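# Architecture and fold: a report
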Amino acid sequence: MTVLVKNIKEAISFAGFVVIGLNFLITGMLINFFQLLLWVGLKPMSSTLYHKINYYLTYAVWGQMEFLAEWWSSSTCIVYTDDKTWAKMGSEHAILLLNHSYEVDWLFSWFLCEHVKMLGSAKAFVKKSFKKVPIIGWTALFSESAFLERSWEKDKSILENQITNMSKCPDPVMLHVFAEGTRYTPEKHAASVEFAQKSGFPPLKHLLVPRTKGFVLSVEKLRGKFPAIYCATMVFDTKEGAAPVFKSLVLGRPIAAEILVERIPLEDIPEDSDKISNWLHENYQHKDKMIDIFKTEGKFPTSLPGHHFEGPIRSHYRPRRLWTLLTIVITSFLTLPTVCCAFYSLFCSGIVNVVIGVVLLGLVVVALLKLMDLSSASKGSEYGHSPRAKAD
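The subject of this paragraph is the overall build of the chain. Of the regular secondary structure elements, the chain holds 13 helices and eight strands. Relative to a compact globule of 392 residues, whose C-alpha radius of gyration would be 21 Å, the chain shows 22 Å and is just as compact. Within the chain, contacts between residues at least 6 apart in sequence are counted, and of these 79% link residues at least 24 apart. In the structure as shown, the chain presents an accessible area of about 18200 Å², 62% of it carried by carbon and sulfur atoms. Distance between charge centroids for the chain: 5 Å, based on 42 positive and 36 negative side chains.

The next point concerns the packing of helix α1 (residues 2–41) against helix α11 (residues 323–347). In helix packing, the relevant descriptors are the interaxial angle and the interaxial distance, both defined with respect to the helix axes. Closest axis-to-axis distance for the α1/α11 pair is 9 Å, and the angle between their directions is 100 degrees. With respect to α11, the element α1 is oriented roughly perpendicular. Contact residues: Val19, Ile20, Leu22, Asn23, Ile26 and Thr27 in α1; Ile328, Thr331, Ser332, Thr335, Leu336, Val339 and Phe343 in α11. For the contact of α1 with α11, the class distribution of residues is eight nonpolar, five polar and no charged.

It is worth spelling out the confidence of the model for the chain at this point. In regions of low pLDDT, the predicted coordinates are not meant to be interpreted in detail. Summarising the model, the chain shows a mean pLDDT of 87, and 94% of its residues fall at 70 or more. Scored below 50 in pLDDT, residues 386–392 shows 16 contacts in the model against residues more than four places distant or in partner chains.

With that out of the way, let us pick up the side chain of Asn283. Considering the arrangement of structural elements, one finds Asn283 in helix α10 (residues 273–297). The buried category is assigned to Asn283, whose relative accessible area is 8%. Among residues more than four places away in sequence, those in contact with Asn283 are Leu97 and Cys231.

What follows concerns the side chain of Thr331. Position of Thr331 relative to the elements: it lies in helix α11. Apart from residues lying up to four places away in sequence, Thr331 is in contact with Asn23, Thr27 and Gln64.

Leu97, Phe108, Phe125, Met174, Phe215, Ile229 and Trp279 are the most contacted members of the largest nonpolar core, which totals 105 residues. With nine residues, the top contributor of residues to this core is helix α2 (residues 47–72). With residues near it in sequence (within four places) discarded, Leu97 still touches Val177, Ala179, Phe215, Ile229, Tyr230, Cys231, Ala232, Trp279, Leu280, Asn283, Tyr284 and Lys287.

Turning to helix α4 (residues 105–115), a few remarks are in order. Taken across its 11 residues, α4 has 11 buried, putting it largely inside the fold. Listing the buried residues of α4 in full gives Asp105, Trp106, Leu107, Phe108, Ser109, Trp110, Phe111, Leu112, Cys113, Glu114 and His115. Remark: Lys117 follows α4 within two positions and exhibits a positive phi of approximately 60 degrees.

Note: strand β3 (residues 122–127) against strand β5 (residues 174–178), three bridges, orientation parallel. Following the sheet pairing, Lys123 is matched in β5 by Leu175. Here three bridges tie β3 to strand β4 (residues 146–148), and the two strands are oriented parallel to one another. Across the sheet, residue Val126 finds its bridge partner in β4, namely Phe147. For the segment spanning β3, helix α5 (residues 136–142) and β4, crossover handedness is right-handed.

With that settled, the discussion passes to the sheet that holds strand β2 (residues 94–98). Strand order in the open sheet formed by eight strands is β4-β3-β5-β2-β6-β7-β1-β8, with mixed pairing between adjacent strands. Taken across any chain shown, the strands that pair with only one partner, and hence form the sheet edges, are β4 and β8 (314–316). Between one strand and the next, the sheet's axes are offset by a mean angle of 25 degrees, whatever the strand orientation. Inspection of the sheet shows β2 paired to β5 by five bridges, in the parallel sense. Bridge pairing links Leu97 to Val177 in β5. Its contacts with the sheet put α4 on β1 (76–81), β2, β3, β5, β6 (228–236) and β7 (256–265), and the angle it makes with β1 is roughly 70 degrees. Along the sheet, α10 contacts β2, β5, β6 and β7; its crossing angle with β6, the most-contacted strand, is approximately 30 degrees.

Scanning the entire structure with this criterion turns up three cavities of 30 Å³ or more. When its volume is computed, the largest cavity comes out at roughly 110 Å³. His51, Asn54, Tyr55, Thr58, Gly120, Ser121, Lys123, Ser143, Cys169, Pro170 and Asp171 are the residues that line the largest cavity. Of the residues forming the lining of the largest cavity, the biggest block, four residues, is contributed by α2. A class-by-class count of the residues in the lining of the largest cavity yields three nonpolar, six polar and two charged. Looking at the second largest cavity, its volume works out to about 50 Å³. In this structure, the second largest cavity is lined by Cys231, Ala232, Thr233, Leu260, Glu262, Asn283, His286, Lys287, Met290 and Phe309.

Cut-offs used in this document
- Residues numbered from 1 in each chain as written.
- Predicted model: local features only at pLDDT ≥ 70, side-chain atom pairs only at ≥ 80, totals over all residues.
- Heavy atoms only, no water.
- Helix = DSSP H or I, 4+ residues; strand = E, 2+ residues; numbered from the N terminus.
- Rg over C-alpha atoms; globule rule 2.2 N^0.38 Å.
- Contact = heavy atoms within 4.5 Å.
- Areas by Shrake-Rupley, 256 points an atom, 1.4 Å probe, with all protein chains shown as cover.
- Lys, Arg positive; Asp, Glu negative; His and termini not counted.
- Charge placed at Lys NZ, Arg CZ, Asp CG, Glu CD.
- Axes fitted to C-alpha atoms, helices over the stretch in contact; angles between N-to-C directions.
- Parallel < 35°, antiparallel > 145°, perpendicular 65-115°, else oblique.
- Nonpolar A, V, L, I, M, F, W, Y, C, P; charged D, E, K, R; others polar.
- pLDDT = per-residue confidence, 0-100.
- Buried < 20%, exposed > 50% of the residue type's maximum accessible area, 1.4 Å probe, protein only.
- Core = buried A, V, L, I, M, F, W, Y, C linked by side-chain atoms within 4.5 Å.
- Pairing = 2+ DSSP bridges.
- Right-handed = clockwise from strand over helix to strand, strands pointing away.
- 1 Å grid on protein atoms, 1.4 Å probe; cavity = no way out; pocket = protein on both sides within 12 Å on 5 of 7 lines; lining within 4 Å.
- Points joined across faces, edges and corners; volume = space filled by probe spheres on them.

Here you go:
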């Protein structure tokens, strides 16, 4: 009986997700169209005004996805850092240096941005093929994330241009950098260990050896423009929460994320490119150690002497803001009544129209499942099999 009740609840959750997803598809395409008009008509005349308006348009898209984590599944994201760092977050341009270990870690990095009121200005380095993905990829394009081809000869100029543009944004920017370049899988980890052994680096237990060139260029170009790097180590407590996969969010299962954040002034990072590269490797060795401690002890350390924490490391959590909920309510109010009336008319006007309605709903489900599939770890790029990986 308990299993039956659980299955019914999850079926209802999935049906609700389809409704929310239909709203996301409609409003996302409309927002992307408006962003295109602004990109062509406004941005050449006033970059500042474009960024101001696009901040809210981007938030309207990302906020609907963040709704799944915050409200639909009631997931949590607890940040462990010192009080001074917590107070600074959201008030300055910063690089967010993350591990890429889980299917939904990118979404929970947005959770962190929403905590500190930077969701609309979150940007990232992502692979070029992502640009072709409707709504999600197009929103990232209009928000001026950097799309990389994994060929350093091509990526260098792309990074230089995009980093320069980011530094000119009027609102604080949180630049997400997943230096591993791809998401963790056992197969990729085996390739990473082999690469580390051949290159003389200590093999990492929980992470992949980071790729350094993009990070080195970012530090060189943003020095003096971005005050800090937030070194973030993300883990998920699967004893307290559901598995960190997109399916959990869709079915309303709460996920429990915990992030250790250390603020490091960019001026404290070495200036020599080789030393920056070594610093990044040492940082990921530290991340690996922190993950190992969490998996062993069930928590992060409360102090880390010799690091940049100004005081004890404490848990910080802000209550859910209403904005992601309001985004869903407002956009649904604008789209769903018309859509529901259209489907009602189809289902009440003959067998042919009923078939058409069923096919349309099926296409909506397929489109949503396809977007979910983009989060699958197996769909990520290979580790160590690209010109860029070899160059690093």
